[in-house]
Amino acid sequence: MPLARSISVTSLSGLDEWDEEFELEDAVLFEIAWEVANKVGGIYTVIQTKARLTCEEWGENYFLVGPYTESNVRTQVELIEPTSAVLRRTIDKMNSSGCKVYFGRWLIEGSPYVILLDVGFTAWSLDRWKSELWENCAIGVPWFDREANDAVLFGFLTAWLLGEYAAQCDEAPRILAHFHEWLAGLGLVLCRQRHLPVATIFTTHATLLGRYLCAGNVDFYNNLAEFNVDKEAGDRQIYHRYCVERAAARCAHVFTTVSKITAIEAEHLLKRKPDIVTPNGLNVKKFSAMHEFQNLHATSKARIQEFIRGHFYGHLDFNLDKTVFLFIAGRYEFSNKGADIFLEALARLNYLLRVNHSEVTVIAFFIMPARTNNFNVETLKGQAVRKQLWDTAHTVKERFGKKLYESLLVGQLPEVSKLLDKEDFTMMKRAIFATQRQGLPPVCTHNMLEDSTDPILSCIRRIGLFNSAQDRVKVIFHPEFLSSTSPLLPMDYEEFVRGCHLGVFPSYYEPWGYTPAECTVMGIPSVSTNLSGFGCFMEEHIADPSAYGIYILDRRYRGVDESCNQLTTFLFQFCQQSRRQRIIQRNRTERLSDLLDWRYLGRYYVAARHMALAKAFPDQYMYEPHDPTSTSGFRYPRPASVPPSPAHSLHSSPHHSEGEDEEERYDEELEAEKDRMNIRQPYRNKSPPVDLPEKN
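Cut-offs used in this document
- Residue indices follow the written sequence of each chain, beginning from 1 at its first position.
- Side-chain atom pairs in this predicted model are given and counted only at pLDDT of 80 or more, local residue features only at pLDDT of at least 70, and totals for whole chains, interfaces and linings cover all residues.
- Working from all heavy atoms in the structure, the side-chain values ignore hydrogens and water.
- UniProt positions are given in the numbering used here, feature names are shortened, and annotations may be inferred rather than shown by experiment.
- Put simply, DSSP marks the helices as runs of H or I at least four residues long and the strands as runs of E at least two long, and each gets a number from the N terminus on.
- Whether two residues touch is decided by their heavy atoms; if any such pair falls within 4.5 Å, the residues are in contact.
- Note on areas: Shrake-Rupley, 1.4 Å probe, and residue coverage restricted to the protein chains presented here.
- Each Phe, Tyr or Trp ring, with Trp reduced to its six-membered ring, pairs with another whose centre is within 6.5 Å; inter-plane angles below 30 degrees give stacked pairs, above 60 give edge-to-face pairs, and intermediate values give tilted ones.
- Think of it in three bands: residues with accessible area under 20% of the maximum for their type are buried, residues over 50% are exposed, and the middle band is partly exposed, with areas taken using a 1.4 Å probe on protein chains only.
- Throughout this description, the term salt bridge denotes a Lys or Arg side-chain nitrogen within 4 Å of a carboxyl oxygen of Asp or Glu.
- Each patch is built from residues that are more than 30% exposed by relative accessible area and take part in no salt bridge. Like charges join if they lie within 9 Å; nonpolar side chains (Val, Leu, Ile, Met, Phe, Trp, Tyr) join within 5 Å.
- A pair of strands is treated as paired once DSSP finds two or more bridges between them.
- Angles shown run from 0 to 180 degrees and are taken between the N-to-C directions of axes, each axis being a line fitted to C-alpha atoms and, for helices, limited to the stretch in contact.
- Oblique is the label for every angle not falling under 35 degrees (roughly parallel), over 145 degrees (roughly antiparallel), or within 65 to 115 degrees (roughly perpendicular).
- Amino acids are sorted into nonpolar (Ala, Val, Leu, Ile, Met, Phe, Trp, Tyr, Cys and Pro), charged (Asp, Glu, Lys and Arg) and polar (every other residue, Gly among them).
- Given a helix with a known number of residues, its expected span is that number minus one, times 1.5 Å.
- Look down the strands so they point away from you; if the path from the first strand over the helix to the second goes clockwise, the crossover is right-handed.

Looking up the protein in an unreviewed UniProt entry gives the name Glycogen [starch] synthase, with the organism given as Electrophorus voltai. UniProt, in its Pathway (unreviewed entry) section for the protein, records the words "Glycan biosynthesis; glycogen biosynthesis." Heading Subunit (unreviewed entry) of the UniProt record for the protein holds this comment: "Part of the GYS1-GYG1 complex, a heterooctamer composed of a tetramer of GYS1 and 2 dimers of GYG1, where each GYS1 protomer binds to one GYG1 subunit (via GYG1 C-terminus); the GYS1 tetramer may dissociate from GYG1 dimers to continue glycogen polymerization on its own."

Here is the structure:
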């Protein structure tokens, strides 16, 4: 019997009326992406973190489809026999026809089933499939584009898999296929061209042309309607890729993007308005520290401070207890990721801190992988000197303690002059002399292969931030991903983020932005922009984002210099916060993690799937689309207690008396309870519920 359903998904508040269940017993979901069990970029994180919730919703009828890579399979996948008879017959038929198809469980949370297609094994069909693609779709793929060749092989194999599965079903199947990005998009185009009984969804996480245009330093967002997309794609030799992406977007039953800013971009570049926005979430339980995140911050900060003691040996003329750690991390896209504006803002912040005689020191980390040949010798020496100093102090302490102990045993108070002898003083003097260094602490922790042309190092030379004693802002460029096995900074990324005070991500092009999202669920404030999906999402759902530690930089309606001044203001105000204000702000930031939980954001994907099923199988599924204009999403109100920064004190405090004790104006439990009232109940399905971690 057809099910009537009204779907409104412009905001989270539009989702709280979804009480009835959508009949999924006979439907099968295939989710296809090049990054299934194959980490390349952010889509891997999306699929990996979302898998558990999708498995709970679809159970045994959920299959992820990706490329077979032997090195990844050995470490991430348990190969098993297909669980359903239809799938077993499908895989056997394909394997007997010249393919190599593998079935197993992906060893991540939720343990989803995976179907892995060996594209290399079927490379002999590449020319034939390219000819078919040209004849049927008028898309030509050049021989030298290896990535596009892989996309052709993967697309034809995916369409073959779905078509064979439909043919092997005893009854008319209801297949739903969700394709991510252009690398998987060709399979969708072929499904529609072959009229397969498959409901299709296409999600673009970032348009191809958008990435290339922004990398070329064009005024992207102000000229979206003016671009000649065919010419621009041709000039950049990606026209064939663009055609695949555009065809997938136009052919899909449902087209989605990850943010509203990307939806605007897709409407102009791919010539189709997305049906629904599906924001990216996180498994908040994985990052939640169960009331201990403040303690974890202190522990991780102490480890970063140990690294700083070694890195700045001989120049440790600042108070580490009054030092603020900032960081930026991600792909090394100097302009797109906002590293250029961050460095310029740091130079201006350095001037403000110096002229105001601030006691605060700022250390900014740049965690962006670049081409290096090894660690910087001076950087390694710094950590060795620090360790030597620690060992010396420990040795002297043991000798001191032994003499003190023996003196107390005989009932005498020790003579201080006898507790430290000449040998102890000699050891300590030698240790002190070892900390002397001729040059300044290095800016970069590694030896760069292209030092003279590196964008970050070139900008640092221009603005003159060389870690001198006069500078209140110090810079450390770590051109390698963090690892707990590193001899230099032995911390993994999560631990490092927890130890910092502020993440700074002033991106010009950021379709979503997992880095600020990860900061939020770990209770670390962050700077984002109104050109990132994350920033737009937070602006929509929080009345005063900065009060919750989410600083939204305006890069859409302001020029570069104005945006840089705004960022400098954010950073300067943050440096003026007291320790107690930073603790309060971290508490508020951590409470926002519910907004980013897949148990809330997963319902956008639920809506997209139901919409696709209703469009492809109208006899079994129905929906009544409408575009509400009044709902703008639930919003966290402005906290009515202690301000997050000195600049906002008169606005966020219910009492304006300067003499009032701050301690009486902040009630953590009361404020947290009010915030919890603004969160809707999470999406639940027929499977047993999984308890969410409690929040502070």
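Having seen the structure, we can now continue with the description.
S.K.: Would you take a moment to explain the overall build of the protein for this structure?
M.R.: When you go through the protein residue by residue, the secondary structure sums to 25 helices and 17 strands. Look at the contacts in the protein between residues 6 or more apart in sequence, and 74% of them connect residues 24 or more apart. Accessible surface computed for the protein: about 29,800 Å², of which carbon and sulfur atoms make up 51%.

S.K.: Which parts of the structure should I look at to understand the packing of aromatic side chains?
M.R.: What characterises a pair of aromatic rings is the spacing of the ring centres plus the angle enclosed by the ring planes. Summed over all chains, the structure comprises 29 aromatic pairs. Between W512 and F534, the aromatic rings sit 6.3 Å apart at their centres with planes inclined by 85 degrees, giving edge-to-face as the arrangement. A residue pair is termed long-range when its members are at least 10 positions apart, and W512 in the loop between β15 (502-504) and α19 (514-521) and F534 in helix α20 (residues 533-541) qualify at 22 residues. Exposure remark for W512: the relative accessible area of 4% places this residue in the buried category. Residue class for F534 comes out buried when judged on its relative accessible area of 0%. By the ring-pair criterion, three or more aromatic residues cluster together here, those being F307, F325, F327, F365, Y493, F496 and F505.

S.K.: I keep staring at the pattern of salt bridges and nothing clicks. Help me out?
M.R.: For the coordinates displayed, the defined rule picks out 37 salt bridges. Residues E57 and R609 are paired through a salt bridge, measuring 2.8 Å at the closest nitrogen-oxygen approach. Of this pair, E57 sits in helix α1 (residues 42-58) while R609 sits in helix α23 (residues 598-616), and the two are 552 residues apart along the sequence. Pair check on accessibility: E57 and R609 agree, each one buried. As a salt-bridge pair, D170 and R89 come within 3.9 Å of each other at their nearest N and O atoms. Highlighted residues: D170 in the loop between α5 (146-168) and β6 (174-180) and R89 in helix α3 (residues 85-96), separated in sequence by 81 residues. According to the relative accessible area criterion, R89 is partly exposed, its value standing at 33%. Residues participating in the shared-partner salt-bridge network are R399, K403, D421, E423 and D424.

S.K.: Any chance you could explain a nonpolar patch on the surface here in plain terms?
M.R.: Together, Y405, L409 and V410 make up a nonpolar patch on the protein surface, roughly 350 Å² of accessible area in all. Relative to the helices and strands, L409 is located in helix α14 (residues 377-409).

S.K.: Help me understand the sheet that holds strand β17 (residues 550-553) in this model?
M.R.: The strand order across the open sheet built from six strands is β14-β11-β10-β15-β16-β17, with neighbouring strands paired in parallel fashion. Two strands lie at the open edges of the sheet, namely β14 (473-478) and β17, each paired on one side alone. Strand-to-strand, the axes of this sheet are offset by a mean angle of 25 degrees, without reference to chain direction. For strand β11 (residues 361-367) and β14, the ladder comprises six bridges, and the chain directions are parallel. Opposite V362, over in β14, you have V473 as the bridge partner. Contacts from helix α13 (residues 339-355) reach β10 (323-329), β11, β14, β15 and β17, with the element oriented near 170 degrees to β11.

S.K.: I keep staring at the sheet that holds strand β2 (residues 62-67) and nothing clicks. Help me out?
M.R.: Across a sheet, paired strands are connected by hydrogen bonds in the backbone, their directions being either parallel or antiparallel. A sheet is described by the order of its strands in space; here nine strands give the open sequence β3-β4-β5-β2-β1-β6-β7-β8-β9, paired in mixed fashion. Edge positions in the sheet fall to β3 (77-79) and β9 (276-277), since each has one partner strand and no second. Note that strand β4 (residues 101-106) and strand β5 (residues 113-117) share five bridges and pair antiparallel. Following the sheet pairing, F103 is matched in β5 by I115.

S.K.: Can you help me understand the packing of helix α4 (residues 126-137) against α5 in this one?
M.R.: Two quantities define a packed helix pair, namely the angle between the axes and the distance from one axis to the other. The N-to-C vectors of α4 and α5 enclose an angle of 80 degrees; their axes lie 10 Å apart at closest approach. When the axis of α4 is compared with that of α5, the two are roughly perpendicular. Residues L126, W129, K130, E132 and L133 of α4 form the contact with α5, whose participating residues are N149, V152, L153, F156, L157 and W160. By residue class, the composition of the contact of α4 with α5 is eight nonpolar, one polar and two charged.

S.K.: I would appreciate a short explanation of α23 in the present structure.
M.R.: The α-helix winds at 3.6 residues per turn, so residues separated by three or four positions along the chain end up facing the same way. Helix length check: α23, at 19 residues, gives a terminal C-alpha distance of 26 Å against a target of 27 Å (1.5 Å per residue), a fit within 8%. Across the 19 residues of α23, 17 count as buried, placing the element largely inside the fold.

S.K.: Would you explain the pairing of strand β7 (residues 198-204) in this entry?
M.R.: On a regular strand, one side chain projects to one face of the sheet and the next to the other, so that they alternate. Taking burial as the measure, the seven residues of β7 include seven buried ones, the bulk of the element. With burial as the criterion, each face of β7 is covered, one bearing V198, T200, F202 and T204 and the other bearing A199, I201 and T203. Where β6 meets β7, six bridges bridge the pair, whose relative direction is parallel. Bridge assignment links H178 to a residue of β7, and that residue is I201. In this region the chain leaves β6, passes through helix α6 (residues 181-193) and returns to the parallel neighbour β7; the handedness of that crossover is right-handed.

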